[in-house]
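This is what each chain is made of:
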Amino acid sequence: MTASPAPTFGEWIHRPFLQTVTTDMAPFWEGVSSHELRLCRCSRCRAWYFPFTLCTRHADIPDLGEMRWQVASGRGAIFTYVVVHRVVDPAFEAELPYILAIVELDEGPLFPARVINVEPGDALVGTEVQASYLDVPAAQTLILFSAAG
Ligand SMILES: [Zn+2]
């Protein structure tokens, strides 16, 4: 199967990227702007979470102050994925087919993301990936995943 070349970062600049940044998720997006993948971590049992939530591993629920954002490795593997072949948003039409995946981060949480620099025909469950960052002028920095190098 012949796939189109993976899009380069420069080709992404005109896409509709803006995300809603809530107070709970602001530290995550601040990390992305600094090219860091931050996950929420329980200071009591050290379990990692994404997105922000209260730890569920205790008989009593920790309070908000026990959950802290911490820089994670940015590494993981494709847990599951789909290859998008149909136009959902015309802004992405030229990039079909592309990969939308759930990445299982090395720290444990599952993270939804687009995977770039992997040919759709080459994507496999278990493919090792790492976080990549795309600085979009006048918008947010975005987090994507690409093949681990
Ligand atoms: Zn905990």
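Notes on the structure follow. What you are looking at is a predicted structure, and each value in this text was computed from that prediction instead of being measured. (Residues numbered from 1 in each chain as written. Predicted model: local features only at pLDDT ≥ 70, side-chain atom pairs only at ≥ 80, totals over all residues. Heavy atoms only, no water.)

## Observations regarding the pairing of strand S8 (residues 141-147)
Here's step 1: In terms of residue burial, S8 counts as a mostly covered element, since six of its seven residues are buried.
Here's step 2: As paired strands, strand S6 (residues 110-116) and S8 are joined by two bridges and run parallel to one another. Counterpart to Ile 116 in the pairing with S8 is Ser 146.
Here's step 3: Bridge analysis of strand S7 (residues 128-135) against S8 gives seven bridges, and the strand direction is antiparallel. (Buried < 20%, exposed > 50% of the residue type's maximum accessible area, 1.4 Å probe, protein only. Helix = DSSP H or I, 4+ residues; strand = E, 2+ residues; numbered from the N terminus. Pairing = 2+ DSSP bridges.)

## Some remarks on the coordination of the zinc ion
Here's step 1: At the metal site, the zinc ion is ligated by Cys 42 (SG), Cys 45 (SG), Cys 55 (SG) and His 58 (NE2), and these contacts range over 2.0 to 2.3 Å.
Here's step 2: One can describe the donor arrangement at the zinc ion as tetrahedral, given that its four donor atoms subtend angles of 103 to 116 degrees at the metal.
Here's step 3: Summarised as a motif, the one-chain spacing of the donors to the zinc ion is C-x2-C-x9-C-x2-H. On the criterion of sequence distance, the pair formed by Cys 42 in strand S1 (residues 38-42) and His 58 in the loop between strand S2 (48-49) and strand S3 (67-71) is long-range, its members being 16 residues apart. Across the pair, exposure class does not vary: Cys 42 and His 58 are buried alike. (Donors = N, O, S within 2.8 Å, 3.2 Å for Na, K, Ca; no water. Tetrahedral: all angles 85-135°; square planar, octahedral: opposite > 155°, others 65-115°.)

## What to know about the packing of aromatic side chains
Here's step 1: The tally for this structure, following the rule as stated, stands at seven aromatic pairs.
Here's step 2: Aromatic pair Phe 28 and Phe 50: ring centres 5.0 Å apart, planes at 55 degrees, arrangement tilted. With a gap of 22 residues between them, Phe 28 in helix H1 (residues 26-33) and Phe 50 in the loop between S2 and S3 connect regions that are remote in the sequence. Of the two residues, Phe 28 and Phe 50, neither departs from the other in class, the shared state being buried.
Here's step 3: One aromatic cluster is present, formed by Phe 28, Trp 29, Phe 50, Phe 52, Trp 69, Phe 111 and Phe 145 through successive ring pairs.
Here's step 4: Just above the ring of Tyr 98 sits the side chain of Arg 114; from NZ or CZ to the centre is 4.1 Å. (Phe/Tyr/Trp six-rings, centres within 6.5 Å; stacked < 30°, edge-to-face > 60°. Lys NZ or Arg CZ within 6 Å of the ring centre and 35° of its normal.)

## Focus on the nonpolar core
One recurring pattern in soluble globular proteins is that nonpolar side chains are buried together.
Here's step 1: Among the nonpolar cores identified, the biggest contains 31 residues, and Phe 28, Leu 37, Phe 111, Val 115, Ile 143 and Phe 145 are the most heavily contacted of them.
Here's step 2: Elements supplying a minimum of two residues to this core: H1, S1, S2, S3, strand S5 (98-105), S6, S7 and S8.
Here's step 3: The biggest single contributor to this core is S5, with four residues.
Here's step 4: If we skip the residues at most four places from it in the chain, Leu 37 touches Phe 28, Gln 70, Val 71, Ala 72, Gly 74, Leu 105, Phe 111, Tyr 133, Ile 143 and Phe 145. (Core = buried A, V, L, I, M, F, W, Y, C linked by side-chain atoms within 4.5 Å. Contact = heavy atoms within 4.5 Å.)

## Description of the pattern of salt bridges
Here's step 1: Counted under the stated rule, the structure contains four salt bridges.
Here's step 2: Between Glu 36 and Arg 38 there is a salt bridge, with the nearest N and O atoms lying 3.1 Å from each other.
Here's step 3: In this structure, the salt-bridge partner of Arg 44 is Asp 60, at a minimum N-O distance of 2.9 Å. Taken together, the positions of Arg 44 in the loop between S1 and S2 and Asp 60 in the loop between S2 and S3 put the pair 16 residues apart, joining distant regions of the chain. (Salt bridge = Lys/Arg side-chain N within 4 Å of Asp/Glu carboxyl O.)

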